Amino acid sequence: GGDIISRFTAHQQEVIGHMKSSGTRNLSTVVVTSPVAAVAFYSALDAFKILVAHERRHMAQAERVIASHDFKRAEWKGAVPSTQEASAKTAKQP
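Residues numbered from 1 in each chain as written. Predicted model: local features only at pLDDT ≥ 70, side-chain atom pairs only at ≥ 80, totals over all residues. Heavy atoms only, no water.

Draft legend 1. Expanded view of the overall build of the protein. Within the protein, the regular secondary structure consists of four helices and two strands. Mapped in sequence order, the helices and strands of the protein form the string α-β-β-α-α-α. Within the protein, the fraction of its 94 residues that count as buried is 16%. Pairs at least 24 residues apart make up 34% of the contacts formed inside the protein by residues separated by at least 6 positions. A total of about 7,100 Å² of accessible surface is found on the protein, and carbon and sulfur atoms cover 60% of it. (Helix = DSSP H or I, 4+ residues; strand = E, 2+ residues; numbered from the N terminus. Buried < 20%, exposed > 50% of the residue type's maximum accessible area, 1.4 Å probe, protein only. Contact = heavy atoms within 4.5 Å. Areas by Shrake-Rupley, 256 points an atom, 1.4 Å probe, with all protein chains shown as cover.)

Draft legend 2. The arrangement of the side chain of S34 in detail. Within the element layout of this structure, S34 appears in the loop between β1 (31–33) and β2 (41–43). Residue S34 is classed as buried on the basis of its relative accessible area of 11%. Of the polar contacts made by the side chain of S34, one reaches the backbone nitrogen of V36; its length is 3.0 Å. S34 has contacts with A40 and Y42, leaving out every residue within four places of it along the chain. (Polar contact = N/O pair within 3.5 Å; in protein donor to acceptor, adjacent residues only side chain to side chain.)

Draft legend 3. Representation of the side chain of E55 in the model. Structurally, E55 is set in helix α2 (residues 44–68). Although E55 is buried, it makes no salt bridge; R57 carries the closest opposite charge, 8.6 Å away. Those residues within four positions of E55 in sequence are excluded, and the remaining contacts are F8, H11 and Q12. (Lys, Arg positive; Asp, Glu negative; His and termini not counted. Salt bridge = Lys/Arg side-chain N within 4 Å of Asp/Glu carboxyl O.)

Draft legend 4. Local environment of the environment of S22. Checked against the element boundaries, S22 lands in the loop between α1 (2–21) and β1. Under the relative-accessibility criterion, S22 is labelled buried at 9%. It is 9.5 Å that separates the C-alpha atoms of S22 and A44, two residues lying 22 residues apart in sequence. At 2.5 Å, the side chain of S22 and the backbone oxygen of M19 are in polar contact.

Shown next, in the form of structure tokens:
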């Protein structure tokens, strides 16, 4: 339980760090290769958008697992924010 949460949280911090390190670059002009298919290319801005959508799916999946296995929400409070809480926090970050 707790190990996966700490790994996920560390991964989120790493992703946020990468996003912040892009600074004021125009990410729509930076082209990256897809890590899934070497023949696919898209902008770094689109890569970040894809990554955010992917991470939101992980959050929704975690919420479903917690709900389906009758986890006690009090034990997890704050460890796994709801998708709405995570979206609100992300929207507030510069």
